[in-house]
Amino acid sequence: MKKIHIIGLGLLGGSLALALKKVKPEIKFTGFDSNLINQEDAISLGIIDEAKQKADMDTDVIVLATPANTLSDLLVKTLDHIGPNTLVIDFGSTKEALCLSVADHPKREQYLAGHPIAGTEYSGPKAAKEDLLDKKVFIICEMEKTNIHLKGMAYEIFEALNMKLRFMDTEEHDRHLAFVSHLSHISSFMLGKTVMDKMEDEKNIFDMAGSGFASTVRLAKSSPAMWAPIMEENKKNILDAMSLYISNLSKFRDKILADDYDGLANDMGKVNKIRDILDLGQ
């Protein structure tokens, strides 16, 4: 591998470049971002060596790390113009519609559908971290549809970054992410909104906000430019997740109305088991 081109020079794309530059300094990184400030920052921070809109024809890997609702068109256009030895990897948070958009593309085997399970509440190249992807999970969908020889370059990248590979189909990916990622962000945004609405009447409410509030609302600092497109692309699964969440909130409220505090304690005790599940997963 000699050349990698990144489209979307934000948190994920930038972190990938910084990490690979440390272990594979021989690779030349080029890149493009529709936000010219991000592009300039990526150059000054050493994320890319050169800014250019299109990758060279001899580029080994092109990484697409743009908002979810831009990826389908971008992926098709990228596949249309690449040479036979280039692999395209996307970092999108939704997969079903994206994979369907190129299902019949003549260069489908040059695409690897991926999703790194990593991130922070910050965005842009200045948020990129060299260790962001270290030991994180990387999900691959429709692995069997990617050319085995080109896939080897992807595995070389994942191994260099100590990433853990997981394989699943696109429907399963989108359904699971709606619950464990997308719903988490919605909950955080709405908790923040609820407290901010209350702040209009009670100016000192944030004086009483402790670490519990700060950790729960942390995701509300995430970029709307990234998260609104995810809601658009994964609408059905997110609505299913929200319906179940709202149902559970309503049942919780009903127990409080009924002074059923033993029932509340029992429910919360059952949820405490999530500690063991999360510890096991790590």
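For the structure itself, look to the data block above.
The notes below deal with the structure included here. Treat the numbers as computed from the prediction; the structure is a model and nothing was measured.

Calculation rules
- Every chain is numbered on its own, with residues counted from 1 as its sequence reads.
- Reporting in this predicted model follows two pLDDT cut-offs: at least 70 for local features of residues, and 80 or more for side-chain atom pairs to be given and counted; totals over whole chains, interfaces and linings ignore these cut-offs and use all residues.
- Each side-chain value is worked out from all heavy atoms of the structure, with water and hydrogens disregarded.
- The helix count covers DSSP runs of H or I at least four residues long, the strand count covers runs of E at least two residues long, and both are numbered beginning at the N terminus.
- Partly exposed describes any residue whose relative accessible area lies between the buried limit of under 20% and the exposed limit of over 50%, with all areas from a 1.4 Å probe on protein chains only and scaled to the type maximum.
- Residue contacts follow a heavy-atom distance rule, with two residues in contact if any of their heavy atoms lie within 4.5 Å.
- Of the two site types, the cavity is a set of points on a 1 Å grid over the protein atoms alone where a 1.4 Å probe fits but cannot get out, and the pocket is an open set with protein on both sides within 12 Å along at least five of seven lines, each lined by residues with an atom within 4 Å of a point.
- Grid points are joined across faces, edges and corners, and a volume is the space filled by probe spheres set on the points.
- Throughout this entry, Asp, Glu, Lys and Arg are counted as charged residues, while Ala, Val, Leu, Ile, Met, Phe, Trp, Tyr, Cys and Pro are counted as nonpolar. The remaining residues, Gly among them, count as polar.
- Here a salt bridge means any side-chain nitrogen of Lys or Arg lying within 4 Å of a carboxyl oxygen belonging to Asp or Glu.
- For two strands to be treated as a pair, DSSP must find no fewer than two bridges joining them.
- Axis angles are defined between N-to-C directions and span 0 to 180 degrees, where every axis is a line fitted to C-alpha atoms and, for a helix, only to the segment in contact.
- Each patch is built from salt-bridge-free residues with over 30% relative accessible area, joining like charges within 9 Å and nonpolar side chains (Val, Leu, Ile, Met, Phe, Trp, Tyr) within 5 Å.
- Under the convention used here, a 1.4 Å probe and the Shrake-Rupley method define accessible areas, while residue burial counts only the protein chains that appear.

**A word on the overall build of the chain**
For step 1, the next point in the chain: In terms of helices and strands, the chain carries 11 helices and 8 strands.
For step 2, the next point in the chain: When each of the 282 residues of the chain is scored for burial, the buried share is 42%.
For step 3, the next point in the chain: Expressed as a percentage of contacts within the chain between residues at least 6 apart in sequence, the contacts between residues at least 24 apart total 74%.

**Some details on the layout of surface pockets**
For step 1, the next point in the chain: Its boundaries defined by the atoms lining it, the second largest pocket holds a volume of some 410 Å³.
For step 2, the next point in the chain: Lining the second largest pocket are 16 residues, and of these Ile-7, Gln-53, Lys-54, Lys-77 and Thr-78 sit closest to its centre.
For step 3, the next point in the chain: Looking at the lining of the second largest pocket, the elements that each hand over two or more residues are strand S1 (3–7) and helix H3 (71–81).
For step 4, the next point in the chain: In terms of residue count, H3 provides more of the lining of the second largest pocket than any other element does, 4 residues in total.
For step 5, the next point in the chain: Counted by class, the lining of the second largest pocket contains 7 nonpolar, 6 polar and 3 charged residues.

**Remarks on unusual backbone geometry**
For step 1, the next point in the chain: Of note, Lys-135 is a non-glycine position whose phi angle comes to about 65°, a positive value.
For step 2, the next point in the chain: Relative to the helices and strands, Lys-135 resides in the loop between strand S6 (111–117) and strand S7 (137–141).
For step 3, the next point in the chain: On the basis of relative accessibility, which here comes to 52%, the residue Lys-135 falls in the exposed class.
For step 4, the next point in the chain: Despite not being glycine, Glu-142 has its phi angle at roughly 50°, a positive value.
For step 5, the next point in the chain: Looking at the secondary structure, you find Glu-142 in the loop between S7 and helix H5 (148–160).
For step 6, the next point in the chain: Using a relative accessible area of 18% as the deciding quantity, one classes Glu-142 as buried.

**Notes on the pattern of salt bridges**
For step 1, the next point in the chain: Under the defined criterion, the tally for this structure stands at 18 salt bridges.
For step 2, the next point in the chain: Two residues, Asp-197 and Lys-193, come together in a salt bridge whose shortest N-O distance is 2.8 Å. Pair noted here: Asp-197 and Lys-193 are both in helix H6 (residues 170–199), with a separation of 4 residues, about one helical turn.
For step 3, the next point in the chain: One connected set of salt bridges, linked through shared partners, spans Lys-3, Lys-28, Glu-50, Lys-52, Asp-56 and Asp-58.

**Examining the sheet that holds S1**
For step 1, the next point in the chain: Across the sheet, 8 strands lie side by side as S3-S2-S1-S4-S5-S6-S7-S8; this open sheet has mixed pairing. At either margin of the open sheet sits one strand with a lone partner, and together these are strand S3 (50–51) and strand S8 (164–168).
For step 2, the next point in the chain: Of the pairings in the sheet, the one linking S6 to S7 comprises 5 bridges and is antiparallel in character. Counterpart to His-115 in the pairing with S7 is Ile-139.
For step 3, the next point in the chain: Here H3 sits on the sheet in contact with S1, strand S4 (61–64), strand S5 (87–90) and S6, set at roughly 165° to S4.
For step 4, the next point in the chain: Contacting S6, S7 and S8, H6 crosses the sheet at an angle of about 140° to S7.

**Quick notes on the packing of helix H9 (residues 235–257) against helix H10 (residues 261–271)**
For step 1, the next point in the chain: Packing of H9 against H10 brings their axes to within 8 Å, and their N-to-C directions diverge by 150°. Facing Phe-252, Lys-255 and Ile-256 of H9, the residues of H10 in contact are Tyr-261, Gly-263, Leu-264, Asp-267 and Met-268.
For step 2, the next point in the chain: Residue classes in the contact of H9 with H10 are distributed as 5 nonpolar, 1 polar and 2 charged.

**What about a nonpolar patch on the surface?**
For step 1, the next point in the chain: Side chains of Phe-252, Ile-256, Tyr-261 and Met-268 sit close together on the surface and give an oily, nonpolar patch of about 370 Å² of accessible area.
For step 2, the next point in the chain: At the level of elements, H9 and H10 are the ones that each hand at least two residues to the nonpolar patch.
For step 3, the next point in the chain: Here Tyr-261 shows up in helix H10.
For step 4, the next point in the chain: Assessed through its relative accessible area of 46%, Tyr-261 is described here as partly exposed.

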